[in-house]
Amino acid sequence: MLRLKKYNLKSKAFTLFSLLFVLLFLSCDKVVELDLEAGDPKIVIDAEIMWEKGTDGSQQSIKITRMAPYYSAEVPKVSGAQVRVENINGDIFTFNESEPGLYVCTNFVPVINMEYKLFVQVDGQSLTATEKLVSVSPIDKIEQELMPDITGPDFIVVSFYYKDPADQVNYYLTDYKADYLGYPEHNLSNDEFVNGNEINEKFGGTDLKPGKIMEITHRGVSKNFYNYMNLILQAASSNPFGAVPGNIRGNIINTTDTDNFALGYFRLYEANHVLYTVK
């Protein structure tokens, strides 16, 4: 299936607009820092349990930080938390702090479709979240082609293919990394119109040159996390001159004080992680 990703292929119209905007204000060399009101320093829990195909999935980590003021150069790391994950069978996996804000488990046991519950004790608050571990179809092949561009030279597009299961509804999250990208590019997809078929996902651009190494991480995700990430990506790609979106709530619940919610999302999934050298 042919899919061009709206988060991956750069819009030349947007680039031209950005260039004109910069040129318009080249004469302004005074840096202005706004006196922004600081919000509550909420806890942020980055709890990604990813079972990479070909591994036993026993090594997992959870990061806990705190929101910082807008102009802060550092993200405060939260130490001293108690972190554990339990599965529906009652097995307990303890995450011990290995460095400030980083909590590591070395004996995690991932099981597809198993339900897991996160427990975090921090700042006198009890935080919990529940999610199932979602499977992903294996990547069968990777291909590349030249994409014609009427406004400039042809550019390389890399595609990977996988077979979507016909007996279930599936949601996917893919990350692309390369040395010319300042941060990973993300793409969401689902099988609403292609259930049970071969699916291909595409990534390309003028900076994707022969010899470049692409890092692709393809995940199967839950519907709820898919919807959460969709809101995140929409906010990230929205009008830069529009209103700042409010905090997007994840699935983490504060059972001590429901109004004092934490940010982040507890998610578990199987993933394909591949390295591809562009030809």
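The shown structure was predicted, so the numbers you read here are calculated from the model rather than taken from an experiment. (Residues numbered from 1 in each chain as written. Predicted model: local features only at pLDDT ≥ 70, side-chain atom pairs only at ≥ 80, totals over all residues. Heavy atoms only, no water.)

Draft legend 1. Region of the structure containing the sheet that holds strand β12 (residues 198–205). With antiparallel pairing, the 3 strands of this open sheet are ordered in space as β8-β9-β12. Sheet topology places β8 (139–147) and β12 at the edges, where each strand pairs with a single neighbour. For this sheet the average axis-to-axis angle between neighbouring strands, irrespective of direction, equals 20°. (Pairing = 2+ DSSP bridges. Helix = DSSP H or I, 4+ residues; strand = E, 2+ residues; numbered from the N terminus. Axes fitted to C-alpha atoms, helices over the stretch in contact; angles between N-to-C directions.)

Draft legend 2. Unusual backbone geometry, seen in detail. A positive phi angle, near 70°, is found at Asn-113, a position not held by glycine. Positionally, Asn-113 belongs in the loop between β5 (102–105) and β6 (115–122). On the basis of relative accessible area, Asn-113 is assigned to the exposed category, the value being 55%. (Buried < 20%, exposed > 50% of the residue type's maximum accessible area, 1.4 Å probe, protein only.)

Draft legend 3. Looking closely at the pairing of β6. Across 6 bridges, the pairing between strand β3 (residues 82–87) and β6 is antiparallel. Following the sheet pairing, Asn-87 is matched in β6 by Tyr-116. Here β6 runs beside strand β7 (residues 125–134); their pairing, made up of 8 bridges, is antiparallel. By the bridge assignment, Leu-118 is partnered in β7 with Ala-129.

Draft legend 4. The arrangement of the pattern of salt bridges in detail. Applying the stated criterion across every chain yields a total of 9 salt bridges. In this structure, Asp-123 and Arg-66 form a salt bridge, with 2.9 Å as the shortest nitrogen-oxygen distance. Linking Asp-123 in the loop between β6 and β7 with Arg-66 in strand β2 (residues 60–66), this pair joins segments that are 57 residues apart in sequence. A residue is classified by how much of its surface remains accessible, and Arg-66, at 22% relative accessible area, is partly exposed. For Lys-141, the salt bridge is made with Glu-143, and the minimal N-O distance between the two is 3.7 Å. Take Lys-141: its relative accessible area is 36%, and that puts it in the partly exposed class. Exposure remark for Glu-143: the relative accessible area of 36% places this residue in the partly exposed category. Here the salt bridges do not stand alone but share partners, grouping Glu-48, Asp-175 and Arg-219 into one network. (Salt bridge = Lys/Arg side-chain N within 4 Å of Asp/Glu carboxyl O.)

Draft legend 5. Region of interest: the confidence of the model for the chain. Counting all residues, the mean pLDDT for the chain is 86, and 82% of those residues have values of 70 or more. Contacts from residues 1–17, a stretch scored under 50 in pLDDT, to residues over four places away or in other chains number 42 contacts. In the model, residues 240–244 has pLDDT below 50 throughout and makes 2 contacts with residues more than four positions away in sequence or in other chains. (pLDDT = per-residue confidence, 0-100. Contact = heavy atoms within 4.5 Å.)

Draft legend 6. Quick peek at the side chain of Asn-170. Checked against the element boundaries, Asn-170 lands in the loop between β9 (155–163) and β10 (171–177). On the basis of relative accessibility, which here comes to 6%, the residue Asn-170 falls in the buried class. At 3.1 Å, the side chain of Asn-170 forms a polar contact with the side chain of Gln-168. Not counting residues within four places of it along the chain, the set of residues in contact with Asn-170 comprises Asp-164, Pro-165, Asn-190 and Asp-191. (Polar contact = N/O pair within 3.5 Å; in protein donor to acceptor, adjacent residues only side chain to side chain.)

Draft legend 7. Up close: helix α2 (residues 223–236). Over its 14 residues, α2 runs 20 Å from end to end, which matches the ideal 20 Å to within 8%, given 1.5 Å per residue. Buried residues of α2: Phe-225, Tyr-226, Tyr-228, Met-229 and Leu-233, and no others. Each buried residue of α2 lies within a common arc of 165° when the element is viewed along its axis, so the set occupies one face. Where the residues of α2 are buried, they touch β7, β10, β11 (185–190), β13 (213–221) and β15 (263–277). (Expected span 1.5 Å × (residues − 1). Arc of directions from axis to C-beta.)

Draft legend 8. Structural context of the nonpolar core. Counting 28 residues, the largest nonpolar core has Ile-45, Ile-64 and Phe-95 as its most contacted members. Elements that contribute at least two residues to this core include exactly β1 (43–52), β2, β3, β4 (92–99), β5, β6, β7 and β15. At 5 residues, β1 tops the list of elements feeding residues into this core. Dropping the residues within four chain positions of it, Phe-95 is found in contact with Ile-49, Gln-60, Ser-61, Ile-62, Val-83, Arg-84, Val-85, Tyr-103, Val-104, Cys-105 and Phe-108. (Core = buried A, V, L, I, M, F, W, Y, C linked by side-chain atoms within 4.5 Å.)

Draft legend 9. Highlighting the packing of aromatic side chains. Going through the model one piece at a time under the given rule, you end up with 10 aromatic pairs. An angle of 45° between the planes, with centres 4.8 Å apart, marks the rings of Tyr-228 and Tyr-265 as tilted. Here the residue Tyr-228 occupies a position in helix α2, and Tyr-265 occupies one in strand β15, the gap between them amounting to 37 residues. Overall, the relative accessible area of 13% leaves Tyr-228 in the buried class. Grouping aromatic residues by their ring pairs yields a cluster made of Phe-225, Tyr-228, Tyr-265 and Tyr-269. The ring of Phe-119 is capped by Arg-84, whose NZ or CZ atom sits 4.1 Å from the centre of that ring. One residue, Arg-249, lies across the ring of Phe-261, its end atom 3.8 Å from the ring centre. (Phe/Tyr/Trp six-rings, centres within 6.5 Å; stacked < 30°, edge-to-face > 60°. Lys NZ or Arg CZ within 6 Å of the ring centre and 35° of its normal.)

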